[in-house]
Amino acid sequence: MHVKIGILGGSGFYQIDGLTEIETIEIETPFGKPSDKFVKGKLDGNLVVFLPRHAVGHPLLPVDINVRANIYAMKSLGVEWLISVSAVGSLKQDIEPRHFVVPDQLYDHTKSRKSTFFGEGIAAHISLAHPFCAGLSSLLHDATTEVGATVHNGGTYICMEGPAFSTQAESNVYRQLGFDIIGMTAAPEAKLAREAEICYAVLACSTDYDCWHPDHDNVTTEMILNNLRSNVEISKQIVKRLVSKIPEGKRNCACASALQYAIATAPDKIPIAKRHELKLLLDKYLP
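Rules used throughout
Residues numbered from 1 in each chain as written. Predicted model: local features only at pLDDT ≥ 70, side-chain atom pairs only at ≥ 80, totals over all residues. Heavy atoms only, no water. 1 Å grid on protein atoms, 1.4 Å probe; cavity = no way out; pocket = protein on both sides within 12 Å on 5 of 7 lines; lining within 4 Å. Points joined across faces, edges and corners; volume = space filled by probe spheres on them. Helix = DSSP H or I, 4+ residues; strand = E, 2+ residues; numbered from the N terminus. Nonpolar A, V, L, I, M, F, W, Y, C, P; charged D, E, K, R; others polar. Phe/Tyr/Trp six-rings, centres within 6.5 Å; stacked < 30°, edge-to-face > 60°. Buried < 20%, exposed > 50% of the residue type's maximum accessible area, 1.4 Å probe, protein only.

Novice: Can you help me understand empty space enclosed by the protein in this one?
Specialist: In this approach a probe as big as a water molecule rolls over the atoms, and the regions it shows empty are the leftover space. Throughout the structure, instances matching the rule amount to one cavity of 30 Å³ or more. The volume enclosed by the largest cavity comes to roughly 40 Å³. Considering the residues around the largest cavity, the lining is formed by Gly10, Ser11, Phe13, Val85, Ser86, Ala87, Cys205, Leu228, Asn231, Val232 and Ser235. Elements with a contribution of two residues or more to the lining of the largest cavity: strand 5 (81–90) and helix 5 (221–245). Residue contributions to the lining of the largest cavity peak at four residues, all from helix 5. Of the residues in the lining of the largest cavity, the class split is six nonpolar, five polar and no charged.

As structure tokens, this is what we get:
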């Protein structure tokens, strides 16, 4: 049975409580192994699949996450709606630690990550003007409001390489450029999810003021994890509420047909091996 709803757990979010009919799934993809085993089950009667992005126990740095394998595996399971729960730093005074943000824009400041399924004989150029699914983001904002959490609707997420946190100079530049939150995982997830025609939205959990704030000039992992732990339970409530809101039936957003006009390479010029590797993505468009 295909699972239409996927959940990516970030730092501190390694499992979903309340799942029933649980099945653990190990998947191998053309791009290697995903971060961990997938956990499929029912959440209040809704079928979902969960993957801890950093693996259980958090052994993976952001740069070491095999994002292509994670997204491809989600696609192979039938996922159409993907919710990412992520820890972020705040670059704005009003986004306080332990607040939530549902961003609507993304700035990719990473340096060495594989951000496309394409290449090696096939060129494709998706539209990423609006990197997060507006419909899913709206439902996510509503779910966060309904559980009583403080949530900021919209904002720009700058994704840095890490694993070190920002220097004060970098943090001040990001603020001058108008960014709202900073994290290490939304890129290339958003790009790959769009290539896979999966609706993708981020529930960003503010854990700190990065290092720009005069009263919070030293960001530590301990500080972040303490604030994140306080948000984990409410994040789980938000996800549970959101899952019940996701509509059944055919999607009508642009995410669902992102590749329709994106493939530039003539079908007869695509290498057979690459076409086979991307069969999951290409079959609906190529003869």
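Novice: Help me out: how do you make sense of the packing of aromatic side chains in this one?
Specialist: For any pair of aromatic rings, the description rests on two quantities: the centre-to-centre distance and the angle between the ring planes. Tallied over the entire structure, the rule returns seven aromatic pairs. Ring centres of Phe31 and Tyr72 lie 5.5 Å apart, and the angle between their planes is 65°; on these two criteria the pair is classed as edge-to-face. On the criterion of sequence distance, the pair formed by Phe31 in the loop between strand 2 (19–25) and strand 3 (38–43) and Tyr72 in helix 1 (residues 67–76) is long-range, its members being 41 residues apart. In this pair, the class of Phe31 matches that of Tyr72, namely buried. The rings of Phe31, Tyr72 and Phe117 are connected pair by pair, giving a single aromatic cluster.

Read these as geometric descriptors, not functional statements.
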